[in-house]
Amino acid sequence: MIHKSPTRRSMSRPSYQQVPQSPAIRSGKLVSSVKRKNSVTPLSTPISVSSTSRNRHASPTRSSMVSSPTRTSSASSSRGKASDGMVNLDSVWQNGTTQQYRGTISVSIRVKPSESRVKNPWKIGQNHTIAHEDHGEFEFDHVFHPDSSNSEVYEGIGKPLIDRLFEGYNGIIFAYGMTGSGKTYTMSGTAEESGLILLSVRQIYDRINNEQQDNTSLSVKVSYLEIYNEKIYDLLNYPDHRTGTSAFAPRSSQASSAAELQIRDDSRNGVRVVGLTEQQVHTTEELMKVISVGNSNRRTGETDYNARSSRSHTIVSITLTRTNIIDGLDTSSTLSLCDLAGSEKAAGQQERRKEGAFINKSLLALGTVISKLSAGCTHPNSHFGTSHIPYRDSKLTRILQPALSGDSIVTTICTIDTKLDSVSETVNTIRFATRAKDVSMTVRRNEAESNNDKDKLVNDLKRQIDEQQEIIWDLRRQSGTNDIPTTTAHPLRHENETLKTKLQHCERLLDKDDTPVQDESFLEIVEMLPAAIGAVLETKIQGLESKLREHRAYNTLLERKLKEAEQRLVVEEAEEDPMVRELLKEQEDEIFELRRALTRKNKMLEALQSAKRLREGALRPLNYENRNFEASTGRK
Ligand SMILES: Nc1ncnc2c1ncn2[C@@H]1O[C@H](COP(=O)(O)OP(=O)(O)OP(=O)(O)O)[C@@H](O)[C@H]1O
């Protein structure tokens with residue numbers, strides 16, 4: 001049995017009382033890190049409006065969403081905290097002219113009524129706590145009992161956000177929970193009981209009608225989109241949309257007739273869904289009629305837990321613009337109401353299985369983003385650094401990126417079913433809620449902007465587009481093609497890589513003095529260069545080669561001289577030695593003696609030869625006739 005509060009709570013104002021910490025809260029296995037003493041109750045923050053601010057629209061870059069542990073401690077300091085647990089005004093001031101909202105994501109749990117008579121392991125405490133026998137106790141901004149009405153939920157989480165909307169803040173409420181747990185019931189309601197969307201719209205028009213002043217005009221626009229199987233559709237722009245409440249049209253015919261919309265980065269809003277229609281509406285009835293048309297186009301189907309289950313995530317965005325007729329200044333703020341598709345275990349039907357896979361994937365992406373934000377990944381002083389937040393992992397997180405990055409006050413209503421067979425899904429939802437509660441944010445109020453500001457912005461953007469277009473054309477001209485087909489992009493990239501490696505190799509070769517210029521890679525690169533550069537490079541190389549030759553020749557000369565010098569040195573060194581000197585002297589004497597002996601021998605030889613000639617002359621008379629004959633003929 002679910003433990004109910006003895007008396008139905010009065011919802012005339014949100015209950016933000018300080019709840020004493022029960023020991024059970026700390027002993028639970030899954031204890032929420034949200035401690036009342038540190039908790040900032042965002043939507044109860046009384047913020048007054050400065051009418052003098054003229055800054056431009058708040059952009060996600062100027063706001064931030066950070067992990068609460070570091071933020072809440074300062075936000076909930078005694079200076080900033082009022083006696084009822086609310087945050088005091090001075091904790092939300094950044095400087096004299098600009099207002100900022102500071103707090104954690106507001107997280108509430110709504111428990112679906114159960115008809116089961118079986119003993120229930122869940123216990124609901126006084127407005128803020130819920131406990132499970134095995135999983136422990138958890139604490140949130142609100143825990144709505146099974147008998148709470150949509151009006152009570154609206155009073156608790158919707159109305160404070162409408163107040164912020166009129167102060168110029170963007171706000172988002174998203175319903176999260178397993179299939180059949182009551183998300184659509186909460187957001188859209190039934191014929192008998194209005195949901196948060198209708199109640200919010202009523203409140204918006206009530207305030208518009210009460211606040212219309214002579215010099216201001218308030219206008220409202222609405223858009224309605226759906227994310228189905230990771231594709232975005234405009235629910236207000238279906239070519240064959242049907243009015244009425246029956247949304248059980250064949251899914252395939254709906255899908256084929258609707259145009260898928262794309263998301264683009266946008267300098268002004270962070271992210272933009274291109275082509276999403278916005279309809280101007282003037283009354284509650286008109287707005288609700290538009291939403292009902294959108295609902296008729298929404299995809300629904302039967303799951304094991306819900307006969308009419310929403311198979312897509314939907315976001316209704318209501319933009320309120322306040323225009324000062326005298327000075328033409330506009331202030332716009334947007335309330336987004338988001339009904340997420342429900343998480344579920346594997347479904348039986350193939351179509352449901354496919355949808356379920358997309359739904360679970362995007363919810364997982366949302367869970368990861370929330371986890372990272374709660375871990376303080378965006379906090380500059382955190383040890384997590386500025387880690388990557390995977391917003392791009394799904395269309396849902398991409399669309400929610402600006403809101404989760406700090407451009408909106410975020411409120412989550414997590415619906416749970418306490419049925420026994422849903423325990424694991426419910427615990428998962430509670431886990432998600434716990435992490436979301438740990439995400440704190442600083443949201444800046446949208447400021448007034450004039451038509452002149454807008455014109456300037458438009459002109460700036462147009463100029464940027466023109467400049468970028470020019471750059472694209474230049475690049476295309478340089479590449480010699482108007483378009484590089486994606487099929488050739490990969491090989492080109494590969495070739496580019498190879499050339500880069502070769503070039504590096506060549507650079508290394510050129511670093512060495514004795515590079516053989518015939519190196520294959522080197523020649524290949526030179527050949528590929530434009531003719532003019534190739535010629536210059538070749539001339540340079542030839543010059544280097546000739547210098548190299550000169551250096552080599554000079555080197556040889558120097559080496560020879562060095563060798564000679566070394567030899568001389570050896571001889572000179574030897575001559576210094578007395579023994580060697582003695583030896584040399586002896587040798588010189590010997591040489592002298594030998595030369596003298598040789599001279600003597602030569603003289604002796606000459607004497608002998610002369611003696612021989614004399615002897616021959618002495619013998620000549622015996623051959624007289626022969627000598628006469630030789631004298632008469634001239635022959636010897
Ligand atoms: N708080 C509630 N009080 C009464 N009935 C409820 C409540 N919550 C849900 N229901 C009923 O439970 C059924 C399922 O609810 P609902 O369609 O809102 O679930 P859901 O979470 O949107 O599911 P899905 O993710 O499958 O779309 C509906 O018949 C709805 O009327």
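As named in an unreviewed UniProt entry, the protein chain is Kinesin-like protein, taken from Lachancea lanzarotensis. Regarding the protein chain, the UniProt comment filed under Function (unreviewed entry) reads as follows: "Required for assembly of the mitotic spindle."

**Points about the overall build of the protein chain**
Within the protein chain one finds 16 helices and 19 strands. Counting every position in the protein chain, which comprises 636 residues, the buried fraction comes to 34%. Considering only contacts within the protein chain whose residues lie at least 6 apart along the sequence, 74% involve residues at least 24 apart.

**A short note on the pairing of strand β2 (residues 100-104)**
With five of five residues buried, β2 lies mostly within the body of the structure. Both faces of β2 are covered, namely the face carrying Gln100, Arg102 and Thr104 and the face carrying Tyr101 and Gly103. Relative to strand β19 (residues 439-444), β2 runs antiparallel, the two sharing five bridges. The partner of Tyr101 across the bridge, within β19, is Val443.

**Observations concerning the nonpolar core**
Counting 84 residues, the largest nonpolar core has Ile109 and Ile173 as its most contacted members. By residue number, the principal contributor to this core is helix α8 (residues 350-374), which donates eight residues. Not counting residues up to four positions away in its chain, the partners in contact with Ile109 are Ile130, Phe140, Val143, Phe144, Cys414, Ile416 and Ala433.

**Re the site of the ligand**
The environment of the ligand is made up of 18 residues, and the closest members are Gly182, Thr184, Tyr185, Ser309 and Gly342. Only α4 (183-187) and β15 (309-310) provide two or more residues apiece to the shell around the ligand. With three residues, the top contributor of residues to the shell around the ligand is α4. Grouping the constituent residues of the shell around the ligand by class yields three nonpolar, 13 polar and two charged.

**Looking at helix α9 (residues 395-407)**
Between the first and last C-alpha of α9 there are 18 Å, a value that for 13 residues agrees with the 18 Å anticipated at 1.5 Å per step. The largest bend in α9 is about 40 degrees, located at Gln401, with the proline Pro402 one to four residues further on. Lys395, Leu396, Thr397, Arg398, Ile399, Leu400, Pro402, Ala403, Leu404, Ser405, Gly406 and Asp407 are the residues of α9 that are buried.

**Quick look at the environment of Phe174**
Following the sequence through the fold, Phe174 ends up in strand β8 (residues 171-177). Note: C-alpha distance between Phe174 and Met187 (13 residues apart in sequence) is 8.7 Å. Excluding its chain neighbours within four sequence positions, the residues that come into contact with Phe174 are Cys338, Leu340 and Thr412.

**Focus: helix α7 (residues 284-297)**
For α7, which comprises 14 residues, the first-to-last C-alpha distance of 20 Å matches the rise-based estimate of 20 Å (1.5 Å per residue) to within 8%. What α7 keeps buried is the set Leu287, Val290, Ile291, Gly294, Asn295 and Asn297. One side of α7 carries all its buried residues, which in axial view fall inside an arc of 160 degrees.

**A few points about the UniProt feature "binding site: ATP" (unreviewed entry) in the protein chain**
Cross-referencing UniProt, the feature "binding site: ATP" (unreviewed entry) maps to Gly177, Met178, Thr179, Gly180, Ser181, Gly182, Lys183 and Thr184 in the present numbering. Its location among the elements puts Gly180 in the loop between β8 and α4. In this structure, Ser181 sits in the loop between β8 and α4. Those residues in contact with Ser181 that sit more than four places away from it in its chain are Lys112, Gly342, Thr415, Ile416 and Asp417.

**Thoughts on unusual backbone geometry**
For Asn127, which is not glycine, the phi torsion reads 70 degrees and is therefore positive. Take Asn127: it is sitting in the loop between β4 (122-124) and β5 (129-132). Using a count of 21 C-beta atoms within 10 Å as the deciding quantity, one classes Asn127 as buried. Unlike most non-glycine residues, Asn229 shows phi in positive territory, near 50 degrees. Residue placement: Asn229 occurs in the loop between β9 (216-228) and β10 (231-234).

**Regarding the sheet that holds β4**
Overall, antiparallel pairing links the three strands, which are arranged β4-β5-β6 in an open sheet. Lying at the two open borders of the sheet, with one neighbouring strand each, are β4 and β6 (136-139). Neighbour-to-neighbour, the strand axes of this sheet turn through a mean angle of 20 degrees, independent of strand direction. When β5 meets β6, the two strands line up antiparallel, connected through four bridges.

**Details of the packing of helix α5 (residues 196-211) against α7**
Interhelical geometry of α5 versus α7 gives an angle of 150 degrees and a closest axis separation of 9 Å. In terms of orientation, α5 lies roughly antiparallel with respect to α7. As α5 packs across α7, the resulting crossing turns out to be right-handed. Facing Ile197, Leu198, Val201, Arg202 and Tyr205 of α5, the residues of α7 in contact are Thr284, Leu287, Met288 and Ile291. The residue inventory of the contact of α5 with α7, partitioned by class, reads seven nonpolar, one polar and one charged.

What counts as what
- Residues numbered from 1 in each chain as written.
- Predicted model: local features only at pLDDT ≥ 70, side-chain atom pairs only at ≥ 80, totals over all residues.
- UniProt positions renumbered as here; feature names shortened; annotations may be inferred.
- Helix = DSSP H or I, 4+ residues; strand = E, 2+ residues; numbered from the N terminus.
- Buried ≥ 20, exposed ≤ 12 C-beta atoms within 10 Å, placed from the backbone.
- Contact = placed C-beta atoms within 7 Å.
- Pairing = 2+ DSSP bridges.
- Core = buried A, V, L, I, M, F, W, Y, C linked by C-beta atoms within 7 Å.
- Near = placed C-beta within 6 Å.
- Nonpolar A, V, L, I, M, F, W, Y, C, P; charged D, E, K, R; others polar.
- Expected span 1.5 Å × (residues − 1).
- Bend = angle between axes of the 7 residues up to and from the residue.
- Arc of directions from axis to C-beta.
- Axes fitted to C-alpha atoms, helices over the stretch in contact; angles between N-to-C directions.
- Parallel < 35°, antiparallel > 145°, perpendicular 65-115°, else oblique.
- Left-handed = near helix turned anticlockwise from the far one by under 90°.

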